[in-house]
Structures are given as structure tokens and as C-alpha cells.
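Here are the chains, one letter per residue:
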Amino acid sequence: MPRKPSLASLSINAGAPLPENGRAFRHGPEFASTFHLSGDVDPNAYQYGRFGQPTWTSLEQGLAQLEGGDTIVFPSGMSAAAGILTSLLKPGDTILLPSDGYAPVRFYTEQYLVKFGVKLKTIPTQEIDNFDFSGIDLALLETPSNPMLDTFDIQGVAAKIHKSGGLLAIDNTTLTFLGQQPLALGADISMSADTKAVNGHSDVVFGHVACTSQALSDKIRQWRKFSGNIPGPMETWLVHRSLSTLDVRLQRMCDTAMLLAQALYEHPKVKSVRYPGLPKDPSYNIAKTQQQLFGFIISFELDSKCKADAFLKACSLVYEATSFGGVHSTAERRARWGTDNIAPGVVRFSVGCERADDLIYDVMQALKQL
């Protein structure tokens, strides 16, 4: 039997055309707002730029191969989340969101869906495994959570929510499809803010949704069509280009994150460290069974707001910024936003592609100045 290539190898050419003499490995972006359309409407033909276009199709086909389900691309991670919530919920339905997850998803639900009759429940990620999902129509959850990296058993939760008649969507931004496969573990939907590691160069805002059910993806795709939440062809092509280096970037980032987490764990000026790859971390037992990677994000606590701010200023290789998953290491004092119930000295650190010895030296010298 021929050996099936890994997802890491498939990602290099996912969604690319078949080899053809004299042609590029990947088609360039196609800029078009409208397409030739004579006679009766052909539902399989490109018609108008808001409905569909070839650059989207190439990336969606590649992502579907990697995610294991039909995929819809969006101009941001938030628009991907909004597409799930708005297209799949109706008045009277109940949505479950993590109380310690990405705050704008909660805000969107509170501000734009609750007033139309959607009911909202929230729960800390650490309590999800023991939650009774009766009455939950849709759960959009994160594992590992952002920013504190708590986990839950996707397979077990999927079984429980399906038994109650609900749907499970997983925000997989912190790991990507190379680090975790939510659909293979039983989730109905996997979404990602591709602004982060999938694109990985801090130059594109993007997102996607993948579904095991064609009926679900049809509803989400229709919402994109009529809401106008569509990505541009150049951004789409840039994300597609970045798939080719995703595995290389992730391996470098995650390997370095493990070394840095161990160094932080042993440092006397660090009060606590959260990283799923540390054997004593609360997330470790679940992470080692359902994740292919432990991730590139580390959250650690310093004594105070002032110490955290001083640490960030003392780093020379680390950019102080609010996103994560790029080739540059970035970090921020997460409590500055006032949206997460975390200690003021907590730093969320996204490990980039710098050499491990250089980055660890930089972090250690910054801690030494505190």
C-alpha cells in the first residue's frame, strides 16, 4: 500500500493546480468583480465577485483537504465567527461560549444576537468537560483557550452535545489544523483566525470555517454571500502562499516555545507559567492525547503590572503587539485590554521563528533587569 503523505507535506501544495508544463506551481490572484455570463445562469460558473471567485476556490479546496471538511473563507477571524453564529442560530436558541475565550465573540453575541432572541450562556474552559449540554443548540469553544491555554476533551464534549441535539464548533486558531484536527475528533465545525499562524506574516487579516456537514457549510456560505463578508483576492492568495511554509514555521515556533516555557518555569522571577507541553501544566494530559503540537503561545505571570511592562520594554527581539502566530515573537500584558479576568502581571507570549538560543537569551536578560 502506498504511504499517504502527512498533512504537513500536503499543506505545501494544498489547493494548487495539477502540474502543467510551462505553468506556475500556484495560480496568481484573480482580480475580477464580474465574469462573462451569457444566456441562462449556470450555477457552477463564476458570476459575480461577491458570490465566488477562482482565488477563493483554490484556497478553499486546499483548506478543505487539510481540515477534512468543506471550507468557506472570510476576511477576518471575527467574520468567520459571526458567520457561524448568525447563520446557524435563530430566536430562542441557546449559544454556549467560553467566559475565558476571545472576548469579541462574546461581545458580538451580546450586542447583535441577544436582542433578536438568542440566549447566551458562558462557562470557564476548565469546567467544560463536566458541563451538562442539555438545551445548548450551539457551542463555540476554544481549546487551548486564549490567553490562558486551558483545554477540554473535544471528542468527549462532541459526544455529549450531539446526544443533546446540539452542534459543536471549535475555534482552532491557537493550534491550526496541523496542531489539532477538531473535525476528526467529532466537532461539527472548525474555525480559525488565519490572521495568526496560518498566514503568519502579520500582513493579512483573514479567517475560515470548515464543516463536516454540507448543509451547515451551505448556510454559512449563503450568509457570506448576502452579508458581503468577503475577502479580497490578494489577501486570499497571500494566505494560500503561506500554507507552503506553515509546517516549517510551526515546528520552529513550537520547539522553541517548549524550551522557553521550561526556562520560564524554572526562573525565580516568574510566578507561574501556562504551557500545555509542561508535564505539570493542567492542560498537559488532554493536550498530549488530542494535539499534534503543544503550540507556540506561553502565558506567564510576573509580580505586577509594572514588572510586566518593564519586561516588555527590556526585550529587544520581541515586539509588543496584540496578535500572535507570526514569524516575529510578540508579547503583551494581556490585562491592559480590560476584557480578560486575569492578573495584571500576566504576559501572553507568542514565540516566533527567531533562533531559540537568541530568543531565550533575550527573554532571560529582560527578566534579569526586573
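Look up: the structure comes first, before these words.
Residues numbered from 1 in each chain as written. Predicted model: local features only at pLDDT ≥ 70, side-chain atom pairs only at ≥ 80, totals over all residues. Heavy atoms only, no water.

(A) Seen up close, the side chain of Asp188. Checked against the element boundaries, Asp188 lands in the loop between helix H6 (176-179) and strand S6 (189-192). Salt bridges are absent for the buried Asp188, whose nearest opposite-charge side chain, Lys219, sits at 12 Å. Reaching out from Asp188, the side chain makes a polar contact with the side chain of His162 at a distance of 2.7 Å. Within the structure, Asp188 has its side chain in polar contact with the backbone nitrogen of Leu168 (distance 2.8 Å). (Helix = DSSP H or I, 4+ residues; strand = E, 2+ residues; numbered from the N terminus. Buried < 20%, exposed > 50% of the residue type's maximum accessible area, 1.4 Å probe, protein only. Lys, Arg positive; Asp, Glu negative; His and termini not counted. Salt bridge = Lys/Arg side-chain N within 4 Å of Asp/Glu carboxyl O. Polar contact = N/O pair within 3.5 Å; in protein donor to acceptor, adjacent residues only side chain to side chain.)

(B) Molecular detail of the pairing of strand S3 (residues 119-123). The pairing of strand S2 (residues 94-98) with S3 spans 5 bridges and is parallel. The residue bridging Leu96 from the neighbouring strand is Lys121, located in S3. (Pairing = 2+ DSSP bridges.)

(C) Representation of the sheet that holds strand S11 (residues 330-333). Taken in spatial order, the 5 strands make up an open sheet running S8-S9-S12-S11-S10, and their pairing is mixed. With partners counted over all chains shown, the strands left at the sheet margins are strand S8 (272-274) and strand S10 (319-320), one partner each. The pairing of S11 with strand S12 (residues 346-350) spans 4 bridges and is classified as antiparallel. Opposite Arg333, over in S12, you have Val347 as the bridge partner.

(D) Spotlight on the packing of helix H3 (residues 77-88) against helix H7 (residues 214-227). Across the interface, H3 lies against H7 with an axial gap of 9 Å and an inter-helix angle of 110 degrees. One element, H3, and the other, H7, form an angle in the roughly perpendicular class. Judged by the sense of rotation from one axis to the other, the crossing of H3 with H7 is right-handed. The residues of H7 that touch H3, namely those facing Ser79, Ala82, Gly83, Ile84, Thr86, Ser87 and Leu88, are Leu216, Lys219, Ile220 and Trp223. A breakdown of the residues in the contact of H3 with H7 according to their chemical character gives 6 nonpolar, 4 polar and 1 charged. (Axes fitted to C-alpha atoms, helices over the stretch in contact; angles between N-to-C directions. Parallel < 35°, antiparallel > 145°, perpendicular 65-115°, else oblique. Left-handed = near helix turned anticlockwise from the far one by under 90°. Contact = heavy atoms within 4.5 Å. Nonpolar A, V, L, I, M, F, W, Y, C, P; charged D, E, K, R; others polar.)

(E) Spotlight on the sheet that holds strand S5 (residues 167-171). Strand order in the open sheet formed by 7 strands is S1-S7-S6-S5-S4-S2-S3, and the pairing between neighbours is mixed. Every interior strand has two partners, whereas the edge strands, strand S1 (70-74) and S3, have only one. Direction aside, the axes of adjacent strands within the sheet are offset by 20 degrees on average. Relative to the sheet, helix H2 (residues 54-67) contacts S1, S6 and strand S7 (207-211), its axis offset from that of S1 by approximately 130 degrees. Strands S1, S2, strand S4 (138-142), S5, S6 and S7 of the sheet are contacted by H3, whose axis makes an angle of about 150 degrees with S6.

(F) Inspection of unusual backbone geometry at higher detail. In this structure, Pro144 follows Thr143 across a cis peptide bond, with omega equal to -5 degrees. Within the element layout of this structure, Pro144 appears in the loop between S4 and helix H5 (154-163). With a phi angle near 70 degrees, Thr176 is a residue other than glycine that sits in the positive phi range. Here the phi dihedral of Ser202 falls at roughly 60 degrees; this positive angle occurs in a residue that is not glycine. Summarising the element assignment, Ser202 is placed in the loop between S6 and S7. Accessibility expressed as a relative area gives 58% for Ser202, which makes it exposed.

(G) Quick look at helix H11 (residues 356-368). Counted at 1.5 Å a residue, the expected span for H11 with its 13 residues is 18 Å, and the 18 Å between its end C-alpha atoms agrees. Residues of H11 that are buried in the fold lie against helix H8 (233-265), helix H10 (305-314) and S12. (Expected span 1.5 Å × (residues − 1).)

(H) Up close: the nonpolar core. If you look at the biggest cluster of nonpolar residues, it comprises 28 residues, and the most contacted ones within it are Leu264, Ile298, Phe300, Phe311 and Phe349. Elements that contribute at least two residues to this core include exactly H8, strand S9 (297-301), H10, S12 and H11. No other element matches H8, which puts 6 residues into this core. Once residues within four sequence positions are removed from consideration, Leu264 is found in contact with Val270, Val273, Ile298, Phe300, Val363, Met364 and Leu367. (Core = buried A, V, L, I, M, F, W, Y, C linked by side-chain atoms within 4.5 Å.)

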